[in-house]
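One letter stands for each residue in the lines below.
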Amino acid sequence: RQDVPAARVIFDSGVPLIHIACQGVTTHLFTTLTELDACVRGKSRIGDYLCEIYEGYSDDHYARSKVIWDIATVAWLLNPEWVPTDIVHSPVLTNQVTWSVDHSRHFIRTASYIYRDPIFRDLFDKLKAAGS
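Bear in mind that the values here come from a model prediction, so they are computed numbers and not experimental data.

**Q** Explain helix α1 (residues 4-12) to me, please; I cannot follow it from the model alone.
**A** Residues that lie three or four places apart on an α-helix share one face, since the helix turns once every 3.6 residues. At the N-terminal end of α1, a side-chain oxygen is found 3.2 Å from the backbone nitrogen of A6, two or three residues along, and the residue is D3. Positioned one or two residues after α1, G14 has a phi angle of 85°, which is positive.

Below, the structure is given as structure tokens:
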């Protein structure tokens, strides 16, 4: 909903595209400050920086989690099995900001799910290795 005209340009362009939706896919990439403290803080400078950024999002972290959206695309590039995809016709984005289907449109790849645990394991391992 942030930039419907830009989204239309992309979905209408015919370029090879991998669509990783926020709702229902990347929303699985939740973590908590407790998890970051246990797995990331103190392991590397970049890990400490991630913890500081995360901590700054809220004053109250009790029973709170946050999605780390940005790692979804990198996860697919590292291991496509972590982000299963399907080949579908490129959707039409309507004026009501809903999807419509047109089976004559070009195909795109769209993520149907995301496996959170191996993605965070890989991220945490890399952040730890950055401190070595």
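Next, the rest of the story.
**Q** I'm lost on the sheet that holds strand β7 (residues 107-111) in this one. Help?
**A** Taken in spatial order, the three strands make up an open sheet running β1-β7-β4, and their pairing is mixed. The sheet is open, and its two borders are formed by β1 (18-19) and β4 (85-89), each paired with just one other strand. Both β1 and β7 contribute to a ladder of two bridges, which runs parallel. Bridge assignment links I18 to a residue of β7, and that residue is R109.

**Q** What is the right way to read the pattern of salt bridges from this model?
**A** Once their charged atoms are close, side chains differing in charge can pair, the charge on each being opposite to the other. The tally for this structure, following the rule as stated, stands at six salt bridges. For R116, the salt bridge goes to E35, with nearest N and O atoms at 2.5 Å. With R116 in helix α5 (residues 116-129) and E35 in helix α2 (residues 33-39), this pair connects stretches of sequence that are 81 residues apart. Its salt-bridge partner being R116, residue D117 comes within 3.1 Å of it at the nearest N-O pair. Judged by relative accessible area, which is 53%, D117 ranks as exposed. In this structure, a network of salt bridges that share partners links the residues E35, R116 and D117.

**Q** Explanation requested: the packing of aromatic side chains in the structure shown.
**A** Two numbers describe a pair of aromatic rings. These are the distance of the centres and the angle of the planes. Overall, the coordinates contain three aromatic pairs when judged by the stated rule. With centroids separated by 5.6 Å and ring planes inclined at 50°, the aromatic side chains of F120 and F124 adopt a geometry described as tilted. Here F120 pairs with F124, and both are found in helix α5, just four residues apart, close to one helical turn. Each of the two residues, F120 as well as F124, counts as buried.

**Q** Looking at this model, I keep getting lost on the nonpolar core. Mind explaining?
**A** Considering soluble globular proteins, one finds that nonpolar side chains tend to be buried as a cluster. Counting residues in each nonpolar core, the largest one holds 23 residues, and the members touching the most others are I20, L29, V83, I114 and I119. Every element with two or more residues in this core is listed here: α2, α3 (45-56), α4 (71-78) and α5. Excluding its chain neighbours within four sequence positions, the residues that come into contact with I119 are L29, I71, A75, W82, V83 and I114.

**Q** Would you take a moment to explain the packing of α4 against α5 for this structure?
**A** The axes of two packed helices give the description: the angle between them and the distance between them. With their axes 10 Å apart at the nearest point, α4 and α5 run at an angle of 95° to one another. Relative to α5, the element α4 lies roughly perpendicular. Two secondary-structure elements touch here, α4 through I71, A75 and L78 and α5 through I119, F120, D122, L123 and K126. For the contact of α4 with α5, a count of residues per class yields six nonpolar, no polar and two charged.

About the criteria used
Along each chain, numbering runs from 1 in the same order as the chain's sequence is written. Confidence filtering applies because this is a predicted model: local features only for residues at pLDDT of at least 70, side-chain atom pairs given and counted only at 80 or more, and all residues used for totals across whole chains, interfaces and linings. To obtain the side-chain values, all non-hydrogen atoms of the structure were used and water was disregarded. Polar contact is the term for a pair of N or O atoms within 3.5 Å; when the atoms are in protein, one must be able to donate a hydrogen and the other to accept it, and sequence-neighboring residues count only if both atoms are side-chain atoms. Counting from the N terminus, the helices are DSSP H or I runs at least four residues long and the strands are E runs at least two residues long. Whether two strands pair depends on DSSP finding at least two bridges between them. Salt bridges, as used here, are contacts in which a Lys or Arg side-chain nitrogen is within 4 Å of a carboxyl oxygen on Asp or Glu. Remark: exposure states derive from per-residue accessible area (1.4 Å probe, protein chains only) relative to the maximum for the residue type, with buried under 20%, exposed over 50%, and partly exposed in between. Pairing of aromatic rings covers Phe, Tyr and the six-membered ring of Trp, with a centre-to-centre limit of 6.5 Å; geometry is then stacked below 30 degrees between planes, edge-to-face above 60, and tilted otherwise. In this description, a nonpolar core means a group of buried Ala, Val, Leu, Ile, Met, Phe, Trp, Tyr and Cys residues linked to one another through side-chain atoms lying within 4.5 Å. In this analysis, two residues are considered to be in contact whenever any of their non-hydrogen atoms come within 4.5 Å of each other. Lines are fitted to the C-alpha atoms to define the axes, a helix being fitted only along its stretch in contact, and any angle between axes, read from their N-to-C directions, falls within 0 to 180 degrees. Working rule for angles: under 35 degrees goes down as roughly parallel, over 145 as roughly antiparallel, 65 to 115 as roughly perpendicular, anything else as oblique. For this classification, the nonpolar set comprises Ala, Val, Leu, Ile, Met, Phe, Trp, Tyr, Cys and Pro, the charged set comprises Asp, Glu, Lys and Arg, and every other residue, Gly included, is treated as polar.

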